[in-house]
Amino acid sequence: MGVLPLQYEAGTTRQSLGLTGRETFSVTGIAQGLTPGGRVKVTAIAADGTVTTFPAIVRLNSQVELDYYRHGGILQRAARAKALQRLQLSRGFSREYVKDPFLRTG
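Residues numbered from 1 in each chain as written. Predicted model: local features only at pLDDT ≥ 70, side-chain atom pairs only at ≥ 80, totals over all residues. Heavy atoms only, no water.

**A word on the nonpolar core**
Looking at soluble globular proteins, one finds that nonpolar side chains tend to be buried together. Among the nonpolar cores identified, the biggest contains twelve residues, and these are Leu4, Leu19, Leu34, Val40, Val42, Ala44, Phe54, Ala56, Val58, Leu60, Leu66 and Tyr69. Beyond its immediate chain neighbours, meaning those up to four positions away, leucine 4 contacts Val27, Ile30, Leu34, Val58, Leu60 and Tyr69. (Core = buried A, V, L, I, M, F, W, Y, C linked by side-chain atoms within 4.5 Å. Buried < 20%, exposed > 50% of the residue type's maximum accessible area, 1.4 Å probe, protein only. Contact = heavy atoms within 4.5 Å.)

**Observations regarding the sheet that holds strand S2 (residues 24-28)**
Strand order in the open sheet formed by four strands is S1-S4-S3-S2, with antiparallel pairing between adjacent strands. Two strands lie at the open edges of the sheet, namely strand S1 (6-8) and S2, each paired on one side alone. The mean inter-strand angle of the sheet, taken between neighbouring strand axes irrespective of direction, is 40°. (Pairing = 2+ DSSP bridges. Helix = DSSP H or I, 4+ residues; strand = E, 2+ residues; numbered from the N terminus. Axes fitted to C-alpha atoms, helices over the stretch in contact; angles between N-to-C directions.)

**Examining the packing of aromatic side chains**
In the structure shown here, the tally under the stated rule is one aromatic pair. Each ring, one from tyrosine 8 and one from phenylalanine 54, has its centre 5.7 Å from the other, and the planes form 45°; the classification is tilted. Pair noted here: tyrosine 8 is in strand S1 and phenylalanine 54 is in strand S4 (residues 51-58), with a separation of 46 residues, a long-range link. Judged by its relative accessible area of 7%, phenylalanine 54 falls in the buried class. (Phe/Tyr/Trp six-rings, centres within 6.5 Å; stacked < 30°, edge-to-face > 60°.)

**Details of the environment of threonine 43**
Its location among the elements puts threonine 43 in strand S3 (residues 39-45). In this structure, the C-alpha to C-alpha distance between threonine 43 and valine 27, residues 16 residues apart in sequence, is 6.4 Å. Other than its neighbours up to four places away in sequence, threonine 43 contacts Thr24, Phe25, Ser26, Val51, Thr52 and Thr53.

**A look at the side chain of glutamate 23**
If you trace the backbone, glutamate 23 turns up in the loop between helix H1 (14-17) and S2. Of the side chains with opposite charge, arginine 14 comes closest to the buried, unpaired glutamate 23, at an N-O distance of 7.3 Å. At 2.8 Å, the side chain of glutamate 23 and the backbone nitrogen of glycine 21 are in polar contact. Look past the residues within four positions of glutamate 23 in its chain and what remains in contact with it is Gly18, Ala44, Ile45 and Ala46. (Lys, Arg positive; Asp, Glu negative; His and termini not counted. Salt bridge = Lys/Arg side-chain N within 4 Å of Asp/Glu carboxyl O. Polar contact = N/O pair within 3.5 Å; in protein donor to acceptor, adjacent residues only side chain to side chain.)

**Observations concerning the pattern of salt bridges**
Under the defined criterion, the tally for this structure stands at one salt bridge. Across the salt bridge formed by glutamate 9 and arginine 39, the nearest N and O atoms sit 2.8 Å from each other. Highlighted residues: glutamate 9 in the loop between S1 and H1 and arginine 39 in strand S3, separated in sequence by 30 residues.

Honestly, that's just the spatial picture; any functional story needs more than this.
Laid out in structure tokens, this is it:
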């Protein structure tokens, strides 16, 4: 997986949540399936054990961005697409079928 960009919901800030940036964070809701602009739950645990939980907005704004995230980034996505293309050609698929697998998002 790549870096998951998140945003606070409207009206929520680091200060309003009492976060310092030194907390340990965990994110739940990823396994249920991300959607562009979807929501996840973030849990922050401070050094003193204080737990703060808040919703966050997933800032992956399209299916293509979700695809890049699932592959660990655009470079990994492109490398996998190229490898798939070579495999399909070696197994006799027509060039028309495999001409540009990188642009396919399905």
